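Reading the structure
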Amino acid sequence: MSNAMWDALAATPLPEVRRRAAIIEEIAEVAPVSVPGAHRLAWNDRGGQSAVWYFTEDGRALLLTFDHESDLNLYAEDDYELQESFYKGVPESLVALVRDRPENYESLNLTDSATGRTIHYAGGVFWYDGIRWHVSEGLTEYCGSEDGEDVDLFTDSGFDYCLSSYLFGQDLTPEAVVTFRDEDGRYEDGERKEADLLALREVFARHG
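My aim in this report is to walk through the structure given alongside it, one point at a time. (Residues numbered from 1 in each chain as written. Predicted model: local features only at pLDDT ≥ 70, side-chain atom pairs only at ≥ 80, totals over all residues. Heavy atoms only, no water.)

Once that is clear, we can look at the state of the cysteines. One pass over the full model with this rule turns up zero disulfides. Here cysteine 143 stays free of any disulfide, with the sulfur of cysteine 162 as its closest cysteine sulfur at 15 Å. Classification of cysteine 143 by relative accessible area gives buried; the value is 14%. (Disulfide = S-S within 2.5 Å. Buried < 20%, exposed > 50% of the residue type's maximum accessible area, 1.4 Å probe, protein only.)

A few words on the sheet that holds strand β3 (residues 61-66). Hydrogen bonding along the main chain pairs the strands of a sheet, whether they run parallel or antiparallel. If you trace the five strands from one edge of the open sheet to the other, you get β1-β2-β3-β6-β7, paired in antiparallel fashion. Lying at the two open borders of the sheet, with one neighbouring strand each, are β1 (38-44) and β7 (133-135). Recorded for the sheet is a direction-independent mean angle of 15 degrees between the axes of neighbouring strands. For β3 and strand β6 (residues 124-128), the ladder comprises five bridges, and the chain directions are antiparallel. The partner of leucine 62 across the bridge, within β6, is tryptophan 127. Across the face of the sheet, helix α2 (residues 14-28) comes into contact with β1, β2 (50-56), β3, β6 and β7 while running at roughly 50 degrees to β1. (Pairing = 2+ DSSP bridges. Helix = DSSP H or I, 4+ residues; strand = E, 2+ residues; numbered from the N terminus. Axes fitted to C-alpha atoms, helices over the stretch in contact; angles between N-to-C directions. Contact = heavy atoms within 4.5 Å.)

In terms of burial, β1 is a largely internal element, six of the seven residues being buried. One ladder, built from seven bridges, connects β1 with β2; its direction is antiparallel. Paired with alanine 38 across the bridge in β2 is threonine 56. Taking the residues between adjacent antiparallel strands as the criterion, β1 and β2 are bridged by five residues, where arginine 46 takes a positive phi near 65 degrees.

So, about the side chain of aspartate 67. With respect to the helices and strands, the residue aspartate 67 is situated in the loop between β3 and α3 (74-77). Here aspartate 67 is buried and forms no salt bridge, its nearest opposite-charge partner arginine 46 lying at an N-O distance of 16 Å. Polar contacts involving the side chain of aspartate 67 include one to the main-chain amide nitrogen of glutamate 69, which spans 3.0 Å. Other than its neighbours up to four places away in sequence, aspartate 67 contacts Gln49, Asn73, Thr155, Asp156, Ser157 and Gly158. (Lys, Arg positive; Asp, Glu negative; His and termini not counted. Salt bridge = Lys/Arg side-chain N within 4 Å of Asp/Glu carboxyl O. Polar contact = N/O pair within 3.5 Å; in protein donor to acceptor, adjacent residues only side chain to side chain.)

Attention now goes to α2. Every α-helix carries 3.6 residues per turn, so stepping three or four residues along brings you back to the same face. Along its 15 residues, α2 runs 21 Å from first to last C-alpha, staying within 8% of the 21 Å computed at 1.5 Å per residue. Of the positions making up α2, those classed as buried are Leu14, Val17, Arg20, Ala21, Ala22, Ile23, Ile24, Glu25, Ile27 and Ala28. (Expected span 1.5 Å × (residues − 1).)

Another point: the environment of glycine 169. In this fold, glycine 169 is placed in the loop between α8 (159-162) and α9 (174-183). In this structure glycine 169 comes out as exposed when scored by relative accessible area, which is 69%. Remark: the alpha-carbon pair of glycine 169 and arginine 40, spanning 129 residues in sequence, is separated by 23 Å.

For the rest of this paragraph, the subject is the packing of α2 against helix α10 (residues 190-205). Two elements in contact, α2 and α10, have axes separated by 10 Å at closest approach and are oriented at 140 degrees. Judged by the inter-axis angle, α2 sits oblique to α10. As for the relative orientation of α2 and α10, their crossing is right-handed in sense. Across the interface between the two elements, Arg19, Ile23, Glu26 and Ile27 from α2 touch Leu200, Val203 and Phe204 from α10. Tallied by class, residues from the contact of α2 with α10 come to five nonpolar, no polar and two charged. (Parallel < 35°, antiparallel > 145°, perpendicular 65-115°, else oblique. Left-handed = near helix turned anticlockwise from the far one by under 90°. Nonpolar A, V, L, I, M, F, W, Y, C, P; charged D, E, K, R; others polar.)

In structure tokens, the structure reads:
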């Protein structure tokens, strides 16, 4: 499995992953969500794409990504069974963080019509076992099946796009964020760019 973003995430120590997740959540102005058993941090682009991280006290993590325009938008298909299958291979203690939980902006629920049980939708399901990151077994199997033959795992899951602002593989600094935004055409003039840099430095200072 070869993907530059995946390799960069895998090479980043979990405490640094968590620090970046906290910084990006504050920058994106994501509302806090309480989750028993884990610390949740998230990002969204206010256009339907999101990344949601769950960090447990025992050093594991669950990452869900979503691109509403991709073929892996199972919420649009209302396919609970397929969505549930994407969590195959993930420890149940991690899946429990997103099963039968209230909805939030980043994570709506798909409902099993037979049982009434719910699970958060996600195009991409990834998890960290305390040593290394994994793509969920179910997602890998789907992308290798006849139904998923035209699906690109890292692109259609939203993984590449949703993790781009975390700058894995680079130093995450206020200056790097401003450069990233500048290349995306965010600034109309140097004055706005400088004001953004000052505000970002305050955010970074709050996260060590």
